[in-house]
Amino acid sequence: NAGVTQTPKFRVLKTGQSMTLLCAQDMNHEYMYWYRQDPGMGLRLIHYSVGEGTTAKGEVPDGYNVSRLKKQNFLLGLESAAPSQTSVYFCATKEPNTEAFFGQGTRLTVV
Amino acid sequence: GENVEQHPSTLSVQEGDSAVIKCTYSDSASNYFPWYKQELGKGPQLIIDIRSNVGEKKDQRIAVTLNKTAKHFSLHITETQPEDSAVYFCAASIDDYKLSFGAGTTVTVRA
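Calculation criteria
- Within each chain, residues carry numbers counting from 1 in the order of the written sequence.
- A letter from A marks each chain and a number from 1 marks each ligand, given out in the order of writing.
- Local features in this predicted model are restricted to residues of pLDDT 70 or higher, and side-chain atom pairs are both shown and tallied only at a pLDDT of 80 or more, whereas totals for entire chains, interfaces and linings draw on every residue.
- In computing side-chain values, all of the structure's heavy atoms are included and hydrogens and water are not.
- Secondary structure elements are taken from DSSP: a helix is a run of H or I of four residues or more, a strand is a run of E of two residues or more, and numbering for both begins at the N terminus.
- In this description, strands pair whenever DSSP reports at least two bridges between them.
- Working convention: axes come from line fits to C-alpha atoms, limited for helices to the stretch in contact. Angles between N-to-C directions cover 0 to 180 degrees.
- As used here, the term nonpolar core means buried Ala, Val, Leu, Ile, Met, Phe, Trp, Tyr and Cys residues forming a set that is joined through side-chain atoms within 4.5 Å.
- Burial status follows relative accessibility: with a 1.4 Å probe on protein chains alone, a residue under 20% of its type maximum counts as buried, one over 50% as exposed, and anything between as partly exposed.
- Contact between two residues is taken to exist if any of their heavy atoms lie within 4.5 Å; hydrogens are not considered.
- Any Lys or Arg side-chain nitrogen located within 4 Å of an Asp or Glu carboxyl oxygen qualifies as a salt bridge.

**Q** I'd love a proper account of unusual backbone geometry, names of residues and values included.
**A** Here the amide bond leading from Thr7(A) into Pro8(A) is cis, since omega sits at -5°, within 30 degrees of zero. Inspection of the secondary structure assignment puts Pro8(A) in the loop between β1 (4-7) and β2 (10-13). For the bond from His7(B) to Pro8(B), the omega torsion is -5°, close enough to zero to count as cis. Mapped onto the elements, Pro8(B) comes out in the loop between β1 (4-7) and β2 (10-14).

Printed below as a string of structure tokens:
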């Protein structure tokens, strides 16, 4: 039982490159989230999904896109990476009225 | 949206002493208040939570108090140990599926 798995764990991108971060969960949770963590700013919600095939914007969605084609996977895409997107990205999952479970994080550097 | 402020940003305590972290929230409709602990290189993990129909909750050395009138809640750690050193985040939720996080408190327990 892996819980919440994020791929990759580290990545360095050049400005303008694209990439996709994968979040996979084996807990059969309905809700999935992508957060970014920056020093002094806590965790800020980028996008979230309340079920397979649904997505919604969070607090800081600009520059990112997401897809949830399968219940267990939530993908975060950066179409044209910018240095401001250098951050640690966390995926989380939960069920209604239960705690959220987080992945180990993806450290992304855009140069 | 909900705004959560967390203080202090850093806290250094002597082993065996108590640590207190305070958070305030802006939306009186918030009804769920979890606390997460994040160890170095890992994702946040829930340590305790409280709902708005309860004023206090305790789990061994950890307790959380909630003052709905003043819109603030606090985490109390007693008899601190070196393994309590970590970053702690408070959060608040209005609708169960979206959490708004505080900026985090880095706690260091001195031996």
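**Q** Please provide a residue-by-residue account of the sheet that holds strand β8 (residues 72-77) of chain B, values included.
**A** Residues and elements named next belong to chain B. In spatial order, the strands read β1-β3-β8-β7-β6; together these five strands make up an open sheet with antiparallel pairing. Here the strands that pair on one side only, and so sit at the sheet edges, are β1 and β6 (56-59). Pairwise comparison of adjacent strand axes, ignoring direction, gives a mean angle of 15° for this sheet. With six bridges joining them, strand β3 (residues 19-25) and β8 adopt antiparallel strand pairing. Directly across from Thr24, in β8, lies its bridge partner His72.

**Q** Let's hear about the nonpolar core: which residues, and what values?
**A** Residue and element names in this part refer to chain B. Grouped together as the largest cluster of nonpolar side chains are 23 residues, with contacts concentrated most on Ile21, Tyr25, Phe33, Trp35, Phe73, Leu75 and Tyr88. Taken together, the elements giving at least two residues each to this core come down to β2, β3, β4 (32-38), β5 (45-51), β7 (62-67), β8, β9 (86-92) and β11 (105-110). Discounting chain neighbours no more than four positions away, the residues touching Leu75 are Ala19, Val20, Ile21, Trp35, Ile47, Ile48, Ile62, Ala63 and Tyr88.

**Q** With reference to specific residues and values, describe the sheet that holds strand β3 (residues 19-25) of chain A.
**A** Residue and element names in this part refer to chain A. The four strands lie next to each other as β1-β3-β8-β7, forming an open sheet whose pairing is antiparallel. Both edges of this open sheet fall to β1 and β7 (64-67), since each of them pairs with a single strand only. On average, each strand axis in the sheet is tilted by 20° relative to the strand beside it, whichever way the strands run. Where β3 meets strand β8 (residues 73-78), six bridges bridge the pair, whose relative direction is antiparallel. From the neighbouring strand, Ala24 faces β8, where its bridge partner is Asn73.

**Q** Help me get a handle on the pattern of salt bridges, residues and values and all.
**A** This structure, assessed with the given rule, holds seven salt bridges over all chains. Glu39(B) is paired through a salt bridge with Lys37(B); the nearest N and O atoms lie 3.6 Å apart. With a shortest N-O distance of 2.9 Å, Arg61(B) and Asp84(B) are connected by a salt bridge. You can see Arg61(B) sitting in the loop between β6 and β7 and its partner Asp84(B) sitting in the loop between β8 and β9, a full 23 residues away along the chain. Its relative accessible area of 7% is what places Asp84(B) among the buried residues. Among the charged side chains, a network of salt bridges with common partners joins Arg36(A), Asp38(A) and Arg44(A).

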